[in-house]
Amino acid sequence: MVFLRPILAQTQGIRRFSTAKLRDILSKDIQITPSKTLKSIPPNKDLVFGQSFADHMLEIDWNNKSGWDAPRIKEYGNLSISPSATVFHYGLECFEGMKAYKDKNGTIRMFRPDMNMNRFLKSCQRLTLPEFNKEELLECIQKLLLVDQRWIPSERGYSLYLRPTAIATQESLGVGPSSKSKIFVINCPVGPYYKTGFAAVSLSATSHYVRAWPGGTGDAKVGGNYAPGIRPQMEVGQKGYAQNLWLFGENDNLTEVGTMNLFVFWKNAQGEVELVTPPLDGTILPGVTRDSILSLARLWGEFKVSERNVTMPEVTQAIDEGRLLEMFGAGTAAIVSPIKNIFYKGRDWPIPLDPKDSSSQAGVLTKRFADTIMSIQYGEVEHEWSVVVKQ
């Protein structure tokens, strides 16, 4: 068919790009141009997520003739991209969310950055954006951290959020793999998700809108997964709910909560104490915090840990029978987000928090995961997940 020829030609080009010996990212070639004017850093108490950006950024360009250019650390500033760049028209964009911390000795640490690099590469592959050496890109990001280290807050609960992003920059109107691409990384200091302690949230179970579907991009961190969720969030927000609990399929399977992975802690129908989260079936994002919670729970060995489908009717039945213990979301921004209520089928269903403390805004297990992971992030507990950035 004639209208397929341009796409097929470019798709065949993917094989040519991947077999040719193109230059990969090399951290040793990085070019650093310090900013001549350093910005003022807001006090910790005034930090708003994603509003204040550090002095510098990392930028690496790619083309299908020679591969990756030398990485550049330069002053934070606007990008110059053609309005015909395919990122603007077909959504060829993916990103990561990761953090850097300072421990009590001022040492810079990152939390499981290898997992972020693995997922970033997978997202790029899903969108036919160019591949890269994960270790070399991480080394470039760590050099950016050293340049901007004054922006990393030293107070516990505060961190520097990093946003690696990949976009297609080919100047053309046509759906197909891009002959040019760019990776850039920007940083912003952030405070604790809950500044005055946990604040449990109410959710609205949503099946009218769908976050992801089998064979789609739910397991990749692409921008196209997030934009369609804004309107549903606004709609439930107008009704007093913090976020959507995304349901899928005729059985109302639980998937994710807002932009976070979801966990259910209960006594299952067989009477077993169990922590369960939806499986990585292609519709669920493989979260770093998700994996960390599962790993810790299996290490503790105190209850059954499962990755399997759970339906909303199973949850409501567990509530009626007094078997539901806790529910919470999990992600980079908050670590965990306790859930206190879910609107479903015309009524609100209360979710237990801490049965021994009526004033508590989080369940015992939810708090335990948050405390354990934060202790690792800030180097208070020696762990392989906490990666020291060498000066």
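Just so you know, these numbers come straight off a predicted model, no measurement behind them.

Analysis parameters
Residues numbered from 1 in each chain as written. Predicted model: local features only at pLDDT ≥ 70, side-chain atom pairs only at ≥ 80, totals over all residues. Heavy atoms only, no water. Helix = DSSP H or I, 4+ residues; strand = E, 2+ residues; numbered from the N terminus. Rg over C-alpha atoms; globule rule 2.2 N^0.38 Å. Buried < 20%, exposed > 50% of the residue type's maximum accessible area, 1.4 Å probe, protein only. Contact = heavy atoms within 4.5 Å. Areas by Shrake-Rupley, 256 points an atom, 1.4 Å probe, with all protein chains shown as cover. Lys, Arg positive; Asp, Glu negative; His and termini not counted. Charge placed at Lys NZ, Arg CZ, Asp CG, Glu CD. Salt bridge = Lys/Arg side-chain N within 4 Å of Asp/Glu carboxyl O. 1 Å grid on protein atoms, 1.4 Å probe; cavity = no way out; pocket = protein on both sides within 12 Å on 5 of 7 lines; lining within 4 Å. Points joined across faces, edges and corners; volume = space filled by probe spheres on them. Nonpolar A, V, L, I, M, F, W, Y, C, P; charged D, E, K, R; others polar. Expected span 1.5 Å × (residues − 1). Polar contact = N/O pair within 3.5 Å; in protein donor to acceptor, adjacent residues only side chain to side chain.

**What to know about the overall build of the chain**
- The helix and strand inventory of the chain stands at eight helices and 19 strands.
- For 391 residues, the compact-globule estimate of 2.2 N^0.38 gives 21 Å, and the chain sits close to it at 22 Å.
- Its C-alpha atoms put the chain at 65 × 60 × 40 Å along the principal axes.
- For the chain, buried positions account for 51% of its 391 residues.
- In the chain, 71% of the contacts between residues at least 6 apart in sequence involve partners at least 24 apart.
- Counting only carbon and sulfur atoms, one obtains 52% of the accessible surface of the chain, whose full area is about 18600 Å².
- The positive charge centre, built from 45 side chains, and the negative charge centre, built from 41, are 4 Å apart in the chain.

**Here we look at the pattern of salt bridges**
- Across all of its chains, the model carries 25 salt bridges by this definition.
- With a closest N to O distance of 2.7 Å, Lys182 and Asp61 form a salt bridge. Of this pair, Lys182 sits in strand E9 (residues 180-190) while Asp61 sits in strand E2 (residues 56-63), and the two are 121 residues apart along the sequence. Each member of the pair, Lys182 as well as Asp61, carries the same accessibility label: buried.
- Measuring nitrogen to oxygen at the nearest pair gives 2.8 Å for the salt bridge that ties Arg323 to Glu321.
- What makes Glu321 partly exposed here is its relative accessible area of 47%.

**Some thoughts on the layout of surface pockets**
- Taken as a whole, the largest pocket holds about 650 Å³ of empty space.
- As for the largest pocket, its lining consists of 34 residues, of which Thr259, Met260, Gly331, Thr332 and Ala333 are closest to the centre.
- Contributing elements (two or more residues each) for the lining of the largest pocket: strand E8 (159-168), strand E10 (201-206), strand E12 (253-257), strand E13 (260-267), helix H6 (288-300), strand E16 (324-331) and strand E17 (335-344).
- Among the elements that make up the lining of the largest pocket, the one with the highest residue count is E16 (four residues).
- Along the lines of polarity and charge, the residues of the lining of the largest pocket split into 18 nonpolar, eleven polar and five charged.

**Section: helix H4 (residues 134-147)**
- Here H4 contains 14 residues, and its C-alpha end-to-end distance of 20 Å stays within 8% of the 20 Å for a straight helix at 1.5 Å per residue.
- All of the buried residues along H4 are Leu137, Leu138, Cys140, Ile141, Gln142, Leu144 and Leu145.
- Backbone nitrogen of Glu135 and a side-chain oxygen of the N-cap are separated by 3.0 Å at the start of H4; the cap is Asn133.

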